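Below are the chains, spelled out letter by letter.
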Amino acid sequence: MTTKPMFDLAYDGGFAIGAFNVNNMELCQGIIEACAAEKSPLILQISKGARKYAKMIYLKAIIDAAVAEYPWLPIAIHLDHGDTVELVDQCCKDGFTSVMIDGSHHPYEENIKVTAAATKVAHAVGVTVEGELGMLGGIEEDVVGVNPEEYQKNLHKFVTDPKQAADFWEKTRVDSLAVAIGTSHGAFKFKHEAKLAFDTVEEIMKTCPGLPLVMHGSSSVPQEFIDLVNKYGGKMPNAKGVPEDQIHMAVTKYGVCKVNIDTDLRLALTAKIREVFATKPAEFDPRNYLGPGREAIVSMVRRKVGAGVLNSAGKADAVIKQWEKLGKPMPAFYGKK
Ligand SMILES: [Zn+2]
């Protein structure tokens, strides 16, 4: 399904949909298994880097298998950080139900231009669109943001301008908007505890009533996983993320409908694989370290969709009902070769 039935309920329903990045089979299985166990709607997102790493033909087969295994689970397939109209068009043809066009690194007028063009292409085939306005800190694949320390110190310079957001929404007609409110990509987000700009979120909700908001760079980088990585031979000093209680506040009290979580999954997988390598040095069967790694993904995603963070557990049936109420819309390219 597209993200619409999900966001319809999430906007003022006190929860948000987790958007988890897929790069291979174990990640996809871990995410799906967790969401099925928690009856949580979810977004599987694929970046340009993932398309290059795994090849779309493999990712598509893996995701089709997941959909076939849990036909009752609400799943949207989303392009993460699309950078061109051509890529958006290709993803629509590949069966994505939702896309992001990220023109936030361009000057404002150029961002409007590329986002409006991508939205036109996607909407023509029933695919929902996420735009981005404002600047995030940190680095993610080829998305380079502001230096995290500079970002936190001068947050007011980088956050999304609420008035500009209204203008952007009107001119592009995006279905959701990724906003800059103090989150940061990657594992080394902050030196000190992060504080999100909730006053900005409130302002955007006033200037853009009903527009679903998206938070990128929202991993929490739990200290116990950093400790595990470092204990078993890793080197990740001073890694810090967005505290889970801040995420919980954003999704339960404000119109944040989608929260992107990638770093925490990478961290869980890496910590577990490191542990196996360090404690069983003779092990060389990939199933015996990727398997426990997959289990670590399951636990991490269950924690994220639970009541303490995204609060989307148990919402699968309601989302399916909303989708049926809308007439079960699917993108026009879906299922076509
Ligand atoms: Zn992002």
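Since this is a predicted model, take the numbers as computed values, not measurements.

S.K.: For the side chain of D80, give the residues involved together with the corresponding values.
M.R.: Of note, D80 is situated in strand β3 (residues 75-82). One polar contact links D80 to N21, side chain to side chain, over a distance of 3.1 Å.

S.K.: Give me the environment of F7: which residues, what numbers.
M.R.: Residue position: F7 is located in helix α1 (residues 4-10). Sequence spacing of F7 and M215 is 208 residues, and the spatial spacing of their C-alpha atoms is 13 Å. Here F7 is in contact with I17, I43, S176, P212, C257 and K258, once residues within four sequence places are set aside.

S.K.: Lay out the pattern of salt bridges with the relevant residues and their values.
M.R.: Under the defined criterion, the tally for this structure stands at 16 salt bridges. Two residues, D83 and K48, come together in a salt bridge whose shortest N-O distance is 2.8 Å. Taken together, the positions of D83 in the loop between β3 and α5 (85-94) and K48 in helix α3 (residues 48-54) put the pair 35 residues apart, joining distant regions of the chain. Look at K48 and you get partly exposed, because its relative accessible area is 36%.

S.K.: Give me the lowdown on the sheet that holds strand β11 (residues 256-261), citing residues and values where you can.
M.R.: The strand order β1-β2-β3-β4-β5-β8-β10-β11 describes a closed barrel built from eight strands, whose pairing is parallel. Each strand axis lies, on average, 25° off the axis of its neighbour in the sheet, ignoring direction. Sheet topology note: the strand β10 (residues 213-215)/β11 ladder contains three bridges and is parallel. By the bridge assignment, V214 is partnered in β11 with K258.

S.K.: Tell me about the packing of helix α2 (residues 25-37) against helix α4 (residues 56-69), and please be specific about residues and values.
M.R.: In the contact formed by α2 and α4, the axes pass within 10 Å of each other and the chain directions differ by 20°. Relative to α4, α2 is oriented roughly parallel. α2 and α4 meet at a crossing whose hand is right-handed. Only I62, I63 and A66 of α4 make contact with α2, whose side of the interface consists of M25, C28 and I32. Here the residues of the contact of α2 with α4 sort into six nonpolar, no polar and no charged.

S.K.: Can you explain the environment of S299? Please cite residues and give values.
M.R.: You can see S299 is positioned in helix α14 (residues 287-305). Distance in space between the C-alpha atoms of S299 and A34 is 7.1 Å, their sequence separation being 265 residues.

S.K.: Outline the state of the cysteines, supporting the account with residue identities and numerical values.
M.R.: Put plainly, two cysteines are in a disulfide when a covalent bond ties their sulfur atoms together. Counted according to the given criterion, the structure contains zero disulfides. C28 forms no disulfide, and the closest cysteine sulfur to it belongs to C35, at a distance of 10 Å. Note on C28: relative accessible area 2%, which makes it buried. Between C257, a cysteine without a disulfide, and C208, which holds the nearest cysteine sulfur, the sulfur-to-sulfur distance is 13 Å. Its relative accessible area of 0% is what places C257 among the buried residues.

S.K.: Describe the packing of aromatic side chains, naming the residues involved and giving the relevant values.
M.R.: Under the definition given, this model contains four aromatic pairs. Ring geometry for F198 against Y254: centres 5.1 Å apart, planes inclined by 15°, an arrangement best described as stacked. You can see F198 sitting in helix α10 (residues 198-207) and its partner Y254 sitting in the loop between α12 (244-253) and β11, a full 56 residues away along the chain. Exposure remark for F198: the relative accessible area of 12% places this residue in the buried category. Classification of Y254 by relative accessible area gives buried; the value is 13%. Taking the centre distance of 4.8 Å and the plane angle of 65° together, the rings of F277 and Y289 count as edge-to-face. Note that F277 is positioned in helix α13 (residues 263-279) and Y289 in helix α14, a separation of 12 residues in sequence. The ring of W169 is capped by R173, whose NZ or CZ atom sits 5.7 Å from the centre of that ring.

S.K.: Please give an account of the packing of α5 against helix α6 (residues 108-123) that cites residues and values.
M.R.: Geometrically, a packed helix pair is captured by the angle between its two axes and the distance between the axes. Two elements in contact, α5 and α6, have axes whose closest approach is 9 Å; the angle formed by their N-to-C orientations is 20°. Taken as axis vectors, α5 and α6 run roughly parallel relative to one another. Once α5 is placed against α6, the crossing between them reads as right-handed. Two secondary-structure elements touch here, α5 through V85, V88, D89 and C92 and α6 through V114, A117, A118, V121 and A122. Looking at the contact of α5 with α6 residue by residue, the classes come out as eight nonpolar, no polar and one charged.

S.K.: Please set out the pairing of β3 residue by residue, giving values where relevant.
M.R.: Burial runs high along β3: eight of the eight residues are buried. Note that strand β2 (residues 42-47) and β3 share six bridges and pair parallel. Residue S47 lies in a different strand from β3, and its bridge partner there is D80. After leaving β3, the chain enters α5 and then returns to the sheet as strand β4 (residues 98-101), a path that is right-handed.

Thresholds applied
- Residues numbered from 1 in each chain as written.
- Predicted model: local features only at pLDDT ≥ 70, side-chain atom pairs only at ≥ 80, totals over all residues.
- Heavy atoms only, no water.
- Helix = DSSP H or I, 4+ residues; strand = E, 2+ residues; numbered from the N terminus.
- Polar contact = N/O pair within 3.5 Å; in protein donor to acceptor, adjacent residues only side chain to side chain.
- Contact = heavy atoms within 4.5 Å.
- Salt bridge = Lys/Arg side-chain N within 4 Å of Asp/Glu carboxyl O.
- Buried < 20%, exposed > 50% of the residue type's maximum accessible area, 1.4 Å probe, protein only.
- Pairing = 2+ DSSP bridges.
- Axes fitted to C-alpha atoms, helices over the stretch in contact; angles between N-to-C directions.
- Parallel < 35°, antiparallel > 145°, perpendicular 65-115°, else oblique.
- Left-handed = near helix turned anticlockwise from the far one by under 90°.
- Nonpolar A, V, L, I, M, F, W, Y, C, P; charged D, E, K, R; others polar.
- Disulfide = S-S within 2.5 Å.
- Phe/Tyr/Trp six-rings, centres within 6.5 Å; stacked < 30°, edge-to-face > 60°.
- Lys NZ or Arg CZ within 6 Å of the ring centre and 35° of its normal.
- Right-handed = clockwise from strand over helix to strand, strands pointing away.

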